[in-house]
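The lines below spell out each chain.
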Amino acid sequence: MDIEFTAGKSNFNGTDFVMTQNRSQEVAQRLSIRFKTYFGSWFLDTGYGVDWFNRVLGKGSTKTSVDTLIQLEIMKDKYVESIDSFQSKVDKNTYSCKFKVNIISVQESVEMRLLATENGLVLSDKSGNVVSI
């Protein structure tokens, strides 16, 4: 279990912390944090995060290289056992992917969608609910 962070809402409202309800929710949150962190920006681990500007949205980036980078980032999570499915698309200056991962030691999986543009990043769950912006 982990403290649940909700997009656009403060968790510090004078009540008890809300915890993630299961491992799949925890993995979704962990991947969300990883994808929102720009490579080199976290002082405790400058190798953490995604190099969005140079390796994803930069000139010369191919769909194959971006797919590989995203899949490698997904597999860095300690609870991700494997990637069950992965589909991606590039349209003008937009990269989007949909993936499903299997979680270690539990009979759960996580399905997420990632949309990355020059204007930002949106991560949503399989129902289309925004996990993070």
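Residues numbered from 1 in each chain as written. Predicted model: local features only at pLDDT ≥ 70, side-chain atom pairs only at ≥ 80, totals over all residues. Heavy atoms only, no water.

Side note on the pattern of salt bridges
Charged atoms that come close allow side chains of opposite charge to pair. A complete count under the given rule lists 5 salt bridges for this structure. Residue K76 pairs with E73 through a salt bridge whose shortest N-O separation is 3.0 Å. Looking at K76, the relative accessible area reads 45%, which means it is partly exposed. Exposure remark for E73: the relative accessible area of 4% places this residue in the buried category. (Salt bridge = Lys/Arg side-chain N within 4 Å of Asp/Glu carboxyl O. Buried < 20%, exposed > 50% of the residue type's maximum accessible area, 1.4 Å probe, protein only.)

Side note on the confidence of the model for the protein chain
Caution applies to low-pLDDT regions: their predicted coordinates should not be interpreted in detail. Mean pLDDT over the protein chain stands at 80; residues scoring 70 or higher make up 82%. When mean pLDDT is taken per element in the protein chain, helix 3 (residues 63-75) scores highest with 94 and strand 5 (residues 130-132) scores lowest with 66. Below a pLDDT of 50 lies the segment residues 7-11, which in the model reaches 6 contacts outside its immediate sequence neighbourhood of four places, other chains included. (pLDDT = per-residue confidence, 0-100. Helix = DSSP H or I, 4+ residues; strand = E, 2+ residues; numbered from the N terminus. Contact = heavy atoms within 4.5 Å.)

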